[in-house]
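Chain by chain, the residues:
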Amino acid sequence: MIGSVLAALAVGGTVIAFAVAWWPAIAAIDPAAQSSFEADQVKRGRALAAIGNCSNCHTMREGKDFAGGVPVPTPFGTVFSSNITPDAETGIGRWSEAAFRRAMHDGVDREGRHLYPTFPYDHFTNVSDEDDRALYAYLMTREPVHAAAPANRLSFPFDQRPLIAGWKLLFLRRETFHPDQSKSAEWNRGAYLVEGLAHCGACHTPRNALGAERASAPFAGGDVENWRAYAINARSPSPVLWDADALFSYLRDGWHPDHGTARGPMAQVVANLSSVGPGDVHAIATYMASVFGSPASDRRRDAEAVLAEVKPMANRASETDTAGASIYAAACANCHESGRALPYGGINLALSTAISSPDPRNLANIVLSGVAPREGERSPIMPGFAGSMNDDQLAALLNYLRARFSTQPAWTGVDLVVADARRTQLAPLQTAAAPRQSPAEPAQRDKP
Amino acid sequence: MITVKVNGRDHQIDAEPDTPLLYVLRDDLALNAAKFGCGLGQCGACTVIVDGKAVFSCVTPLLLLEGKQVTTLEGLGTIADPAPIQRAFMDEQAAQCGYCVAGMMMRAQALLMRNASPSDEEIRNELEPHLCRCGTHMRILRAIRRAAGLMNRADLSPESGAVR
């Protein structure tokens, strides 16, 4: 009797697991003629793809647009992005619009296989059918590229795609965006984009051990590709408070005089947003300003004090009593105390978020590798110092910068961060702006 | 007093620890190959080699150089006996005003010491931090390829052009 109950339970469980894990294939289509898509729709799709930052993962540096193959390091192994050009064999040329929409909404490919959540469908599930249609039209009118992505390199059991069904049961909340009628239309538009296509939380929200965003800590800061994605809520480490105007110009121009420049993986985001109409970027800024929230009055006072101090900043006499101060005086002050406007001048370091961040990772990256100018952009530039500073000297400089330019307590473990930054250093004098051909240390992108 | 090893010789320098290496080279040691261009590490004219790596001497303070080997263009060759990289630049006439080429040669030298046969793309990427306002880029590329050829001959190893 008990045996048959157990057997029935086992069968029932298997059936349920199968029902959750199994999705049917959607019939392959003959690639649609490019002329079958309306120009207006394609154009809207282009802007949406820029907001979605699709090229960051789906286009190799100096590779063909959207041909995939970009290695994304995760704690579970390396996932290679797929080819989303309309190539019939290696791309998504045989995907119907319904298949594309299902991938965005449910994280399942045309053949019915679960997609790894490296593809952020936990956000894309919020994208409207209308926007999916425009994205589909845009992608289907790109140049087809014949390029098969390399096989993922994941350790057992993470290489078993049916497991993703379990992950989805635990963590995938569909359609988490609901308009808030008490807020403005612009705020709601921004919320729709940020929580959906723009998937800001994919980097800026911390993840749990299974690589899912922690719902209890939205926008509290995360790690991505050996960079720190700062908290962009009330816990932001920025010395000066963000508001909608500052966010708008930062997201469109790539810098703001009170906050500095967007580099690391954020450089690609702002490069993409620079091609989007001002309306959507302003909506994103409006919504994010409310996510940053209204800070406590002492925080506001500190921020105003920083601004009051740096605005009329004259060259301070350099203190040469420590190694860090001497390095700063000769290597940094020429630009960072020049008073020249961004992006070509250096920001006053009292305004630097990297120096006020909870850890020195981004600062170490920038000092070692510098910031290379990007062709065709009004972009910042800074030489890297990997060749001239050893780890001790770099640590001395970082500690000095923290002590002098931040009101936060001293960092601990600076030497370890410096050594790790050196080990995973990007090509000298290059930024991490564009996706790299070779995987960085497969350590930090906390997602399977 | 700080001791700095330049082109194989120790020099006692009486200067503040935050003095840029470029000023020491030009003002104290009379080594004038490295040029002051922008003073901000953005043009490359001041480039020298420190422990095998190309660095901007204008933003490298003296105190970082304790125990390191600095090589300037003067350390590669002489007028009578130019190093391969210098001979190649002369053969290709890879200069117009010439202000940038000392820095260009130093970074090219550092590249060739590390990679004896760089591709065109590798040369272009490596030289990206260097500005030339005269437009001699194509000649500079040819000169670096020629230097690689000279260095790869048995009688002229890359090391022969390094520190003397």
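Bear in mind the structure is a predicted one, so any value in this text is a computation, not a measurement.

J.: I tried to follow the overall build of chain A on my own but got confused; where do I start?
T.: Secondary structure assignment for chain A yields 18 helices and 7 strands. Looking at chain A residue by residue over its 448 residues, the buried ones come to 55%. Long-range contacts, defined as pairs at least 24 residues apart, comprise 70% of the intrachain contacts of chain A with a sequence gap of at least 6. Accessible area for chain A stands at about 20000 Å²; split by element, carbon and sulfur atoms hold 57% of it.

J.: Can you walk me through the pairing of strand S4 (residues 53-56) of chain B in this structure?
T.: Consecutive side chains of a regular strand alternate in pointing toward one face of the sheet and then the other. All names here are of chain B. As defined by bridge partners, strand S3 (residues 47-50) adjoins S4 across 4 bridges and the pair is classed as antiparallel. Across the sheet, the residue bridging to Ile49 is Ala54, located in S4. Taken together, S3 and the strand that follows it, S4, pair antiparallel across an intervening segment of 2 residues, in which Asp51 is found at a positive phi of about 45°.

J.: Is there a simple way to think about the pattern of salt bridges in this case?
T.: A side chain of one charge can pair with a side chain of the opposite charge if their charged atoms are brought near each other. Applying the stated rule across the entire model yields 23 salt bridges over all chains. In this structure, Arg228(A) and Asp223(A) form a salt bridge, with 3.4 Å as the shortest nitrogen-oxygen distance. Taken together, the shared-partner salt bridges connect Asp91(B), Glu92(B), Arg142(B) and Arg146(B) into one network.

J.: Is there a simple way to explain the sheet that holds strand S5 (residues 69-71) of chain B in this structure?
T.: For sheets, the rule is that strands pair by backbone hydrogen bonds, running either parallel or antiparallel. Residues and elements named next belong to chain B. Overall, mixed pairing links the 5 strands, which are arranged S2-S1-S5-S3-S4 in an open sheet. The open sheet terminates on both sides in strands that have one partner only, identified here as strand S2 (9-13) and S4. Strand-to-strand, the axes of this sheet are offset by a mean angle of 40°, without reference to chain direction. The pairing of S3 with S5 spans 2 bridges and is classified as antiparallel. Bridge pairing in S5 places Ile49 opposite Thr71. Strands in contact with helix H3 (residues 101-114) are S3, S4 and S5; relative to S3, the strand with the most contacts, it is inclined by about 30°.

J.: Looking at this structure, how should I read a nonpolar patch on the surface?
T.: Residue and element names in this part refer to chain B. Among the surface-exposed residues, Tyr23, Phe36 and Tyr99 lie close enough to one another that they form a single nonpolar patch of about 290 Å² accessible area. By secondary structure assignment, the location of Tyr23 is in helix H1 (residues 21-28). Classification of Tyr23 as partly exposed rests on a relative accessible area of 35%.

J.: Any chance you could explain the pairing of strand S2 (residues 77-80) of chain A here in plain terms?
T.: All names here are of chain A. Where strand S1 (residues 71-74) lies against S2, 4 bridges are found, and the strand directions are antiparallel. Across the sheet, the residue bridging to Thr74 is Gly77, located in S2. Pairing analysis gives 2 bridges linking S2 to strand S3 (residues 153-154), with the strands arranged antiparallel. Looking at S3, one finds that Gly77 is bridged to Leu154.

J.: Honestly, the side chain of Thr85(A) in this entry has me stumped. Any pointers?
T.: The residue Thr85(A) is located in the loop between S2 and helix H4 (97-106) in this model. Among residues more than four places away in sequence, those in contact with Thr85(A) are Asp65(A), Phe66(A), Ala67(A), Gly91(A), Ile92(A), Gly93(A), Glu143(A), Pro144(A) and Val145(A).

J.: Which parts of the structure should I look at to understand the confidence of the model for chain A?
T.: Close reading of the predicted structure is inappropriate where its pLDDT is low. All names here are of chain A. Per-residue confidence for chain A gives a mean pLDDT of 87; residues scoring 70 or more make up 88%. In the model, residues 312-320 has pLDDT below 50 throughout and makes 16 contacts with residues more than four positions away in sequence or in other chains. In this model residues 427-448 is a low-confidence stretch, pLDDT under 50, and it forms 93 contacts with partners more than four residues away in sequence or in other chains.

J.: It is not clear to me how the interface of chain A and chain B should be interpreted in this structure. Could you clarify?
T.: A common measure of how large an interface is: the accessible area buried when the components associate. Taken together, the contact pairs 24 residues of chain A with 21 residues of chain B. With both sides pooled, the region where chain A packs onto chain B buries about 1800 Å², and carbon together with sulfur makes up 59% of that total. One can count 0 salt bridges joining chain A with chain B. Remark: the boundary between chain A and chain B carries 4 residue pairs in polar contact (both at pLDDT 80 or more). Broken down by class, the residue content of the side of chain A that touches chain B amounts to 13 nonpolar, 9 polar and 2 charged.

J.: Sorry, what's going on with the sheet that holds S3(A) here?
T.: Pairing within the open sheet is antiparallel, and its 3 strands lie in the order S1-S2-S3 (chain A). Of all the strands in the sheet, just S1 and S3 of chain A have a single pairing partner and so form its edges.

J.: What am I meant to see in the packing of aromatic side chains here?
T.: How two aromatic rings sit relative to each other is given by the distance of their centres and the angle of their planes. Residues and elements named next belong to chain A. Under the definition given, this model contains 13 aromatic pairs over all chains. Seen in terms of ring centroids, Phe66 and Tyr138 are 5.9 Å apart; in terms of plane orientation they differ by 85°. Their pairing is edge-to-face. Remark: Tyr138 occurs in helix H6 (residues 129-140) and Phe66 occurs in the loop between helix H3 (54-58) and S1; sequence separation between them is 72 residues. Judged by its relative accessible area of 5%, Phe66 is buried. Ring pairs connect the aromatic residues Phe37, Phe100 and Tyr136, which therefore count as one cluster. Note that Lys168 overlies the ring of Tyr121, its terminal NZ or CZ placed 5.0 Å from the centroid.

J.: Just checking my understanding: could you explain a negative patch on the surface for this structure?
T.: Among the surface-exposed residues, Glu62(A), Glu375(A), Glu121(B), Glu122(B) and Glu128(B) lie close enough to one another that they form a single negatively charged patch. Along the chain, Glu128(B) falls in the loop between helix H4 (120-126) and helix H5 (137-152). Taking relative accessible area as the criterion, Glu128(B) reaches 42% and is therefore assigned partly exposed.

J.: I'm lost on the packing of H4(A) against H6(A) in this one. Help?
T.: The packing of two helices is summarised by the inter-axis angle and the distance between the axes. Residue and element names in this part refer to chain A. H6 packs onto H4 with a crossing angle of 115° between their chain directions and a minimal axis gap of 10 Å. Where H4 crosses over H6, the handedness of that crossing is right-handed. Mapping the contact onto sequence places Glu97, Phe100, Arg101 and Met104 in H4 and Asp129, Asp132, Arg133, Leu135, Tyr136 and Leu139 in H6. A breakdown of the residues in the contact of H4 with H6 according to their chemical character gives 5 nonpolar, no polar and 5 charged.

J.: Explain the environment of Tyr116(A) to me, please; I cannot follow it from the model alone.
T.: Residue and element names in this part refer to chain A. Among the structural elements, Tyr116 can be located in the loop between H4 and helix H5 (121-124). Along the primary structure Tyr116 and Phe158 are separated by 42 residues, whereas in three dimensions their C-alpha atoms are 9.6 Å apart. Looking at Tyr116, its side chain comes within polar contact range of the main-chain oxygen of Phe158, at 2.6 Å.

J.: Help me understand H3(B), please; the structure alone is not making it clear to me.
T.: It helps to recall that an α-helix has 3.6 residues per turn; residues three or four apart then point in one direction. Residue and element names in this part refer to chain B. Helix length check: H3 (14 residues) gives 20 Å between terminal C-alpha atoms against 20 Å at 1.5 Å per residue, within 8%. Within H3, 12 of the 14 residues are buried, which leaves the element mostly enclosed by the surrounding structure. Those residues of H3 that sit buried are Val101, Ala102, Gly103, Met104, Met105, Met106, Arg107, Ala108, Gln109, Ala110, Leu111 and Leu112. Of the surrounding secondary structure, the elements contacted by the buried residues of H3 are S3, S4, S5, helix H2 (84-91), H4 and H5.

Cut-offs applied
- Residues numbered from 1 in each chain as written.
- Chains lettered and ligands numbered in written order.
- Predicted model: local features only at pLDDT ≥ 70, side-chain atom pairs only at ≥ 80, totals over all residues.
- Heavy atoms only, no water.
- Helix = DSSP H or I, 4+ residues; strand = E, 2+ residues; numbered from the N terminus.
- Buried < 20%, exposed > 50% of the residue type's maximum accessible area, 1.4 Å probe, protein only.
- Contact = heavy atoms within 4.5 Å.
- Areas by Shrake-Rupley, 256 points an atom, 1.4 Å probe, with all protein chains shown as cover.
- Pairing = 2+ DSSP bridges.
- Salt bridge = Lys/Arg side-chain N within 4 Å of Asp/Glu carboxyl O.
- Axes fitted to C-alpha atoms, helices over the stretch in contact; angles between N-to-C directions.
- Patch = residues over 30% accessible without salt bridge, like charges linked within 9 Å, V, L, I, M, F, W, Y side chains within 5 Å.
- pLDDT = per-residue confidence, 0-100.
- Buried area = accessible area lost by both parts, 1.4 Å probe.
- Polar contact = N/O pair within 3.5 Å; in protein donor to acceptor, adjacent residues only side chain to side chain.
- Nonpolar A, V, L, I, M, F, W, Y, C, P; charged D, E, K, R; others polar.
- Phe/Tyr/Trp six-rings, centres within 6.5 Å; stacked < 30°, edge-to-face > 60°.
- Lys NZ or Arg CZ within 6 Å of the ring centre and 35° of its normal.
- Lys, Arg positive; Asp, Glu negative; His and termini not counted.
- Charge placed at Lys NZ, Arg CZ, Asp CG, Glu CD.
- Left-handed = near helix turned anticlockwise from the far one by under 90°.
- Expected span 1.5 Å × (residues − 1).

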